[in-house]
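So the chains spell out like this:
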Amino acid sequence: MTRKHTTPPIYAGAYLFGLLMTYMAVGWVLAAYAAPLLMWVWAFLLIAYVAWAGTGAIAVAMLWVVSVVWIAAYTSATPLLMNWKGPTWAISLVGVWIFAIGAVLMLAFAQMAIRTLGWPRPGIFYRLLMITGAGMLMGRLLYWGSMPTPQSMPILDLT
């Protein structure tokens, strides 16, 4: 008699919560780097592809992540309201690159982690889209709600 190893539903719920938090951070980073609308759309399309294909989409997703980081390096992109130079700027890009790889891998393995909930594959796909999309939107709102904008900078200047 062989036992099939299944993960408990609490693990699946924790995985979904971790996915929400991760994609909130993705939305925050995209907002911080003032990513254009086209970048948001392409990122969401990539998320949809990875959510459907699972681990089979890792190579394409990694190509996207590397391309975006190279474009950011080429254009010397820095987060808004920060004028990073030299090593600090390079370390920030490497950090974003490592984080993005982790976010892709987390989404790619999500189907395996939440199959124990008994949802059909289309149900898993749509829930992953809703969770990642909501996370990105919340991250964007969190960034714009917590960071001073250029218009509010004179108000913050008390000197």
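About the criteria used
Residues numbered from 1 in each chain as written. Predicted model: local features only at pLDDT ≥ 70, side-chain atom pairs only at ≥ 80, totals over all residues. Heavy atoms only, no water. Helix = DSSP H or I, 4+ residues; strand = E, 2+ residues; numbered from the N terminus. Buried < 20%, exposed > 50% of the residue type's maximum accessible area, 1.4 Å probe, protein only. Contact = heavy atoms within 4.5 Å. Polar contact = N/O pair within 3.5 Å; in protein donor to acceptor, adjacent residues only side chain to side chain. Phe/Tyr/Trp six-rings, centres within 6.5 Å; stacked < 30°, edge-to-face > 60°. Core = buried A, V, L, I, M, F, W, Y, C linked by side-chain atoms within 4.5 Å. 1 Å grid on protein atoms, 1.4 Å probe; cavity = no way out; pocket = protein on both sides within 12 Å on 5 of 7 lines; lining within 4 Å. Points joined across faces, edges and corners; volume = space filled by probe spheres on them.

Enquirer: Outline the overall build of the protein, listing residues and values.
Expert: What the protein contains, in helices and strands, is seven helices and zero strands. Secondary structure elements of the protein occur, N-terminal to C-terminal, as α-α-α-α-α-α-α. Buried residues in the protein amount to 36% of all 159 residues. The long-range share in the protein, meaning contacts at least 24 apart out of those at least 6 apart in sequence, stands at 79%.

Enquirer: Tell me what's going on with the side chain of Gln111, and back it up with residues and numbers.
Expert: Inspection of the secondary structure puts Gln111 in helix α5 (residues 110-114). In this structure the side chain of Gln111 is engaged in a polar contact, spanning 2.6 Å, whose partner is the backbone oxygen of Ala51. Not counting chain neighbours up to four residues away, the residues in contact with Gln111 comprise Ala51, Trp52, Ala53, Gly54, Arg121, Ile124 and Leu128.

Enquirer: Before we move on, could you go through the packing of aromatic side chains and cite the residues and values that matter?
Expert: Counting across every chain of the model gives five aromatic pairs. Centroid distance Trp28 to Tyr143: 5.2 Å. Interplanar angle 80°. Geometry classified as edge-to-face. Taken as a pair, Trp28 in helix α1 (residues 9-32) and Tyr143 in helix α6 (residues 121-146) lie far apart in primary sequence, 115 residues in all. Note on Trp28: relative accessible area 30%, which makes it partly exposed.

Enquirer: Outline the nonpolar core, listing residues and values.
Expert: Ranked by internal contacts, the top residues of the largest apolar core, which has 44 residues, are Leu19, Tyr23, Leu30, Val50, Leu107, Leu128 and Met136. Elements supplying a minimum of two residues to this core: α1, α2 (37-53), α3 (58-74), α4 (86-108), α5 and α6. At eleven residues, α1 tops the list of elements feeding residues into this core. If we ignore the near neighbours within four places in the chain, the residues touching Met136 are Tyr23, Met24, Val26, Gly27, Leu30, Trp40, Ala43 and Ile47.

Enquirer: Give me the layout of surface pockets: which residues, what numbers.
Expert: In this structure, the largest pocket spans a volume of roughly 560 Å³. Considering the residues around the largest pocket, the lining is formed by 28 residues, among which Leu30, Met39, Trp64, Val68 and Val96 are closest to the centre. Mapped onto the lining of the largest pocket, the elements with two or more residues apiece are α1, α2, α3 and α4. Residue contributions to the lining of the largest pocket peak at seven residues, all from α4.

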